[in-house]
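# Inside the fold
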Amino acid sequence: MNAKTATAHAKPAPNAPFKGRLEWRALVDWLREDGVMTPGDAQRTSQRLAAGDSAQHPLVRLANVGIHHAATGKPLDVEALTEWLARRAGKEYLRIDPLKVNVGRVADIMSISYAERRRALPVQIGTHEVTVATCEPFDTDWVAEIESHTRKTLKIVVVSPNELQRYTTEFYTLAKSVRAAQKSGEMAGPANFEQLVELGKSKQLDANDAGVVQVVDWLWQYAFDQRASDIHLEPRREMGAIRFRIDGVMHTVYQLPLSVMAAMVSRVKLLGRMDVVEKRRPLDGRIKTRNPTGEEVEMRLSTLPTAFGEKLVMRIFDPESTVKSLDALGFGAHDAQRWEQLVTQPHGVILVTGPTGSGKTTTLYSTLKRLATDEVNVCTIEDPIEMIEPAFNQTQVQPQLELGFANGLRALMRQDPDIIMVGEVRDLETAEMAIQAALTGHLVFTTLHTNDATSAITRLQDLGVPSYLINATVLGVLAQRLVRTLCPHCKQPDEHFPRETVAEAIRPWRMTGGFRPYRPVGCIECRMTGFRGRAGLYELLTVTEAQKALITQAPNLSQMRHQATQDGMRPLRLAGAMKVAEGLTTLDEILRATPAWEA
């Protein structure tokens, strides 16, 4: 049967067998028969559609008319109409998750011309079955041909015509660019550790090759679209792997030849003004580009030589991260008020602590952004500069020029600063300089790597900072973690949740409000994970007079933690329990991310 043939004006009985391409008249009749449209709406819609002529898919034309569901009154957009059509056809409705599609094998099933002609796209290729998405569930004469070609059974699922068009173009363009890049250069054999020092001399693809440029451009746009925080290009023994970190979890996106990955790394290094030839030592760089909405995006680059080639990680910084409110960061009302009181002090040291990737930079930048008015001079010394912020005077640590944190801080002291941010306290010299800056009337923000807020005090003592200097300068310590938040589209009340466990933990702090535990379910919006986005958990210790007395004595973490809670600190695990009670995350997520509380 010709692909363009359609039983256009036939009026099928409800759920009767129907074959051929969809036509808007048939769709209107089915919508009326299923009670989705009233007879009057169906007549008016038919009149409007008959007056126009369009090459658009009939589902798109129907959605553009602006119809509403007869029973619920909800607008019927393309996705809603597609979901209805899938039920009518007795097929599974699918929202394509590009992270779960093996793009490199799509062209093995059918060519792009065939896919466009049949309005079909392979989305999952198994050992015995191929799942093909289509927006024409009744036009299936081609199925036998593909089953014969692949020797696999085809499973037909229904997707919206907009998604089908978008991903057909995207997947086949990517596959074509990778093939073009591979053909334009010499295929590199698998590297090993002994060959690593010779990588700079081996023949590689040109970083400016059109295919390589297209693949890198696709990679960035794809990462922005998928809300990735990090892009990993990882050379393996046989192939190179592209992976994204989304909501703190790694996802494999694509595999491609090592020669293409090497050229992609060179392309990114070139744009980041890094030494393209040097492949034997770690390098750092940065790139500024724009996301699909036109906003500027900062990306921090880091390379590392590995056994099979040069690995590249690109960390993507949210353009809105420096303007987030405390509520958007995840602060509760209690800790937000205490934090604001702390950061408005005229001088002293404020520590932010937590593991790598816990959101320390976002918290500091958001806080400094609010403090950086025209009346103050904000200076930072960082390694590396995470995000360029015009309101700050930012300095990059350069060890090769003997400009470390301590020397940089010493130089900043002569720049008439009001507020100073030191990227990290790593040694006694830097700690002493930060304390000296606070003693001379500056407000100093810095970070440490400890498990909780109280441990930061003992960490300073371990570095060699005298207790009297800690008491004289340290205003407080903020410990934090990031936890995944439940997807608002699919989370459901958890009827089997051990409410008493969390309620008992919260009771001593007299938490008010309802108790609303939810459980993750999984939907197309969250890639069936049940989680979408992340929120911060905070533990804020303030150095009160009672705490100073304990710091002066021999350090006792248990006593210091007990005093901190007496002074108003809520432990990280308690902050997490409150998020669970509010229905924002799960108990398992809190237990995974926070240390046990031992007061």
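Below is a short write-up of the structure. Everything numeric here is computed off the predicted structure, so don't read it as measured data. (Residues numbered from 1 in each chain as written. Predicted model: local features only at pLDDT ≥ 70, side-chain atom pairs only at ≥ 80, totals over all residues. Heavy atoms only, no water.)

### Examining the pattern of salt bridges
A side chain of one charge can pair with a side chain of the opposite charge if their charged atoms are brought near each other. Taken as a whole, this structure holds 35 salt bridges when the rule is applied. Its salt-bridge partner being Arg484, residue Glu589 comes within 3.3 Å of it at the nearest N-O pair. Remark: Arg484 occurs in strand 16 (residues 474-486) and Glu589 occurs in helix 22 (residues 587-593); sequence separation between them is 105 residues. What emerges from the salt-bridge pattern is a single network uniting Arg286, Lys288, Arg290, Glu296 and Glu298. (Salt bridge = Lys/Arg side-chain N within 4 Å of Asp/Glu carboxyl O. Helix = DSSP H or I, 4+ residues; strand = E, 2+ residues; numbered from the N terminus.)

### Things to note about the packing of helix 19 (residues 545-552) against helix 20 (residues 557-566)
Packing of helix 19 against helix 20 brings their axes to within 10 Å, and their N-to-C directions diverge by 175°. Judged by the inter-axis angle, helix 19 sits roughly antiparallel to helix 20. Contacts between helix 19 and helix 20 involve Ala546, Gln547, Leu550 and Ile551 on the former and, on the latter, Gln559, Met560, Gln563 and Ala564. (Axes fitted to C-alpha atoms, helices over the stretch in contact; angles between N-to-C directions. Parallel < 35°, antiparallel > 145°, perpendicular 65-115°, else oblique. Contact = heavy atoms within 4.5 Å.)

### Quick word on the nonpolar core
If you look at the biggest cluster of nonpolar residues, it comprises 65 residues, and the most contacted ones within it are Met110, Trp142, Leu233, Ile242, Phe244 and Met264. Among the elements that take part in this core, helix 9 (residues 210-225) stands out by supplying nine residues, more than any other. In this structure, Met264 is in contact with Val212, Val215, Val216, Leu219, Leu233, Ile242 and Leu256, ignoring residues within four places of it in sequence. Formed by 46 residues, the second largest nonpolar core is a distinct cluster that contains Val465, Ala479, Met560 and Ala575. (Core = buried A, V, L, I, M, F, W, Y, C linked by side-chain atoms within 4.5 Å. Buried < 20%, exposed > 50% of the residue type's maximum accessible area, 1.4 Å probe, protein only.)

### Some thoughts on the sheet that holds strand 16
The sheet built from seven strands is open, its strands ordered 13-12-14-15-11-16-19 with mixed pairing. With one partner strand each, in any of the chains shown, strand 13 (393-396) and strand 19 (531-542) form the two edges of the open sheet. Each strand of the sheet is rotated relative to its neighbour by a mean of 20°, with strand direction disregarded. As defined by bridge partners, strand 11 (residues 348-353) adjoins strand 15 (residues 443-448) across six bridges and the pair is classed as parallel. (Pairing = 2+ DSSP bridges.)

### Observations regarding unusual backbone geometry
Here the phi dihedral of Arg119 falls at roughly 50°; this positive angle occurs in a residue that is not glycine. Summarising the element assignment, Arg119 is placed in the loop between helix 6 (112-118) and strand 2 (120-125). Since its relative accessible area comes to 24%, Arg119 is described here as partly exposed. The phi torsion at Arg273 lies on the positive side, around 55°, for a residue other than glycine. Summarising the element assignment, Arg273 is placed in the loop between helix 10 (258-271) and strand 8 (283-290).

### Looking at the side chain of Lys152
Among the secondary structure elements, Lys152 is positioned in the loop between helix 7 (143-150) and strand 4 (153-158). Asp108 provides the closest opposite charge to the buried, unpaired Lys152, separated from it by 9.7 Å. Separated by 2.8 Å, the side chain of Lys152 and the backbone oxygen of Thr127 make a polar contact. For Lys152, the contacting residues outside a window of four places in its chain are Ile125, Gly126, Thr127, His128, Glu129, Val130 and Glu147. (Lys, Arg positive; Asp, Glu negative; His and termini not counted. Polar contact = N/O pair within 3.5 Å; in protein donor to acceptor, adjacent residues only side chain to side chain.)

### Some remarks on the environment of Val132
Mapped onto the secondary structure, Val132 falls in strand 3 (residues 129-134). Each C-alpha atom of the pair Val132 and Ile109 lies 9.6 Å from the other, and the pair is 23 residues apart in sequence. Setting aside residues up to four positions removed in sequence, Val132 forms contacts with Met110, Ala120, Leu121, Pro122, Trp142, Leu154, Lys155, Ile156 and Val157.

### Section: the environment of Asp327
Mapped onto the fold, Asp327 is located in helix 11 (residues 326-329). Asp327 sits 208 residues away from Ala535 along the chain, and the two C-alpha atoms are 9.8 Å apart.

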